[in-house]
Amino acid sequence: MSEDLADALDAEETTQRNGLLMIASENHVSPAVMAAQGSVLTNRNALGYPDDRLYPASQDIDTVEQLAIDYAKELWGADHVNVQPHSGSLANLAVYLAVLEPNDRILALDPIDGGHITHGDTRHISGKQHETEFYHANPETGRVDYDDLQTRAEEFDPDLIISGYSAYPREVNWERVQAAADAVDAYHLADIAHLSGLIAADQLASPVGIADFATGSTYKTIRAGRGGVILCDEMYADAIDAAVFPGSQGGAAMPMIAGKAAGFAEALTPEFDSYAEQLVTNARTLAQTLAERGIHVVSGGTDTHIVLIDLRQSHPDLTGSEAEAKLEAAGIYVTKATVPGETRPNEASGIRIGTPALTSRGFEEEEMKKVAELINHVLNDDDLENVQTEIAVLCEENPLDE
Ligand SMILES: *Cc1c(COP(=O)(O)O)cnc(C)c1O
C-alpha cells in the first residue's frame, strides 16, 4: 500500500476512534464483517445468481450469497430477497425499473421534511424519468401528515407511493400508507434504509407483508457493511432480480455480500436485539436531555435511533450548517438537516443526530446524558477545552473493537 494511502487510512481510523460519530446513517461493523469485506472474494466476478452463474467455479460464491439471502429471510420474514444491490439507492432504482414505466408517477415525502433524494427528486434519475409529487410532514407535530398523503394520492393518482425516510425520528404507519396506495391502485415501496436493524430486532413494526417492496442500505442500523438489499413477495421475485442484474448492475460485489451475510448472522443473535433496544433508549435519553436544556426536539422525541433538532427556537442565529461545523470542530459529528416547516432550505435549520455508532462502541444512558451536555455546551459556548477532554475520556472508556 502506498504510504500516502496508508496514512489516510490511519488518520481515518483515528478520527473514528477519538471522535463522537453521531451521523445517523453510520455505524461500526464487527471485525467479522470487516474480515468478510476484505476477503478473497474481491478477486471474483460473480455474474448471475446462486446456481445460475455465467462463470465456472462459483460453488462457494453461491454458498456465500445463499447464506446472505437465507439470513435476511429469517431476519425480516421476507419471501424473496435480493442481496446484490451495491447500495440502498440502487435497490430503489431496481424497484423503479421493475414496476414503473418512464413518466409513471411517484408520490413521496418531500426531501425538506426528511425524504430521500432517490425518491423522485429531480436531481436523481427517479425524478428525471418519473413525475413526482411530494407529501409533507406537519410542521407543528413534526410527523408525517397521512391525511395530506391520502389527499395527494387521490388527486395525483400515483403509480408508486414511497414510505420510509432519511431524517425522520418517528415510527412509520405502514398500514396507513398501504391503505392510500390500495385506494389508488399504486405500488408501495417502504424504504427501510435507516430502520432495517430496528425492524429486524422488533423495535419497530415491519412493512414486510404490508408494502409490496422494502429496500434498504446494509451499513446503517443493521450493521452489515456497505451495500443494499431488496425484500419482496415471491410474485415480484423475477422482475426484481432481472432489474438488479442485468437491468442496472453487472457482477455482484461478493465481498460486500459476504459482509452482509456476516452482519445478518450477527443480527439474528440476542446480542443484536439488545443492541437495537439500547439504540432507541440512547436516542430517547439524548432527546430528553437536550429538551431539558431548552433545545427543540422535532416531534418531541424519537421512536428510532434518530434525534432531529430544530435550532430556530433555542438558537435563532445558528443555522444547521453552522451548528454542524461547530460540533465538528469539537469532535462531535452530526449532520445538518432541514426540518418540517423549514424556512432556510439551503443552510438548514436543524441537525440530525444518530446513536448507532456510539451504541456499537458501548455507550449507554449515562454516557448519552454526558454527550447531550457536550452538544448543548458546544452550541452555546466557543470554549472547547473541557469538551475535548471529556470526549477523550468517553472514547477511551468505550473503545472500538480491534
Ligand atoms: C441512506 C438512504 C438510502 C440509500 O443510501 P445508499 O448510500 O445508497 O445506500 C436510501 N433511502 C433512504 C431513506 C436512506 O436514508
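Now for a quick tour of the structure. (Residues numbered from 1 in each chain as written. Predicted model: local features only at pLDDT ≥ 70, side-chain atom pairs only at ≥ 80, totals over all residues. Heavy atoms only, no water.)

1. Considerations on the packing of helix α12 (residues 320-330) against helix α14 (residues 365-380)
When two helices pack together, their arrangement is given by the angle between the helix axes and the distance between those axes. Here is the rule we go by: Simply put, an axis is a line fit to the C-alpha atoms, just over the touching stretch for a helix, and the angle between two N-to-C directions goes from 0 to 180 degrees. Secondary structure is summarised from DSSP: a helix means a run of H or I of at least four residues, a strand means a run of E of at least two, and numbering begins at the N terminus for each. Crossings are sorted by hand: turned counterclockwise from the far helix by less than a right angle, the near helix makes the crossing left-handed, and turned clockwise it makes it right-handed. Residue contacts follow a heavy-atom distance rule, with two residues in contact if any of their heavy atoms lie within 4.5 Å. When residues are sorted by character, Ala, Val, Leu, Ile, Met, Phe, Trp, Tyr, Cys and Pro go into the nonpolar class, Asp, Glu, Lys and Arg into the charged class, and all the rest, Gly among them, into the polar class.
Look at α12 against α14: their axes get within 9 Å of each other, and the N-to-C directions meet at 115°. Here the hand of the crossing between α12 and α14 comes out right-handed. For the pair formed by α12 and α14, the contact residues are Ala323, Lys326, Leu327 and Ala330 on the first element and Ile375, Val378 and Leu379 on the second. Considering only residue class, the contact of α12 with α14 consists of 6 nonpolar, no polar and 1 charged.

2. With respect to the nonpolar core
Taken as a class, soluble globular proteins show a tendency for nonpolar side chains to be buried jointly. To keep things clear, this is the line we draw: Within this scheme, the nonpolar core is defined by two criteria: the residues are buried Ala, Val, Leu, Ile, Met, Phe, Trp, Tyr or Cys, and they are joined through side-chain atoms within 4.5 Å. Relative accessibility thresholds used throughout: buried, under 20% of the residue-type maximum; exposed, over 50%; partly exposed, between the two (1.4 Å probe, protein chains only).
Trp76 and Ile161 are the most contacted members of the largest nonpolar core, which totals 59 residues. In contact with Trp76, other than residues within four places in its own chain, are Ile192, Ser196, Ile199, Ala200, Val208, Ile222, Leu231 and Phe264. Of all hydrophobic cores here, the second largest spans 33 residues; its members include Ile332, Ala372, Val378 and Leu394.

3. Some points on the site of the ligand
Cut-off, in case you're wondering: In these notes, residues near a molecule or strand are those with any non-hydrogen atom within 4 Å of it. Definition of a polar contact: a pair of N or O atoms within 3.5 Å, with one able to donate and the other able to accept a hydrogen when the atoms are protein atoms, and with sequence-neighbouring residues admitted only if both atoms are side-chain atoms. Working definition of accessibility: Shrake-Rupley area with a 1.4 Å probe, residue cover restricted to the visible protein chains.
Taken together, 14 residues form the shell around the ligand, and within it Gly88, Ser89, Asp191, Tyr219 and Lys220 come nearest. Here an oxygen atom of the ligand and a side-chain polar atom of Ser87 are 3.4 Å apart. Interatomic distance of 3.3 Å between a side-chain N/O atom of Arg226 and an oxygen atom of the ligand. Relative to its free-state accessible area of 380 Å², the ligand is covered by the protein chains to the extent of 91%. Counting residues per element, the shell around the ligand draws most heavily on helix α4 (residues 88-99), which supplies 3 residues. The class makeup of the residues in the shell around the ligand is 3 nonpolar, 8 polar and 3 charged.

4. Some thoughts on the packing of helix α3 (residues 59-76) against helix α10 (residues 254-267)
Running from N to C, α3 and α10 cross one another at 40°; their axes reach a closest spacing of 8 Å. Classified by chirality, the crossing of α10 by α3 is left-handed. Within the contact between the two elements, α3 uses Ile61, Val64, Glu65, Ala68, Tyr71, Ala72, Leu75 and Trp76 and α10 uses Met254, Ile257, Ala258, Ala261, Phe264, Ala265 and Ala267. Here the residues of the contact of α3 with α10 sort into 14 nonpolar, no polar and 1 charged.

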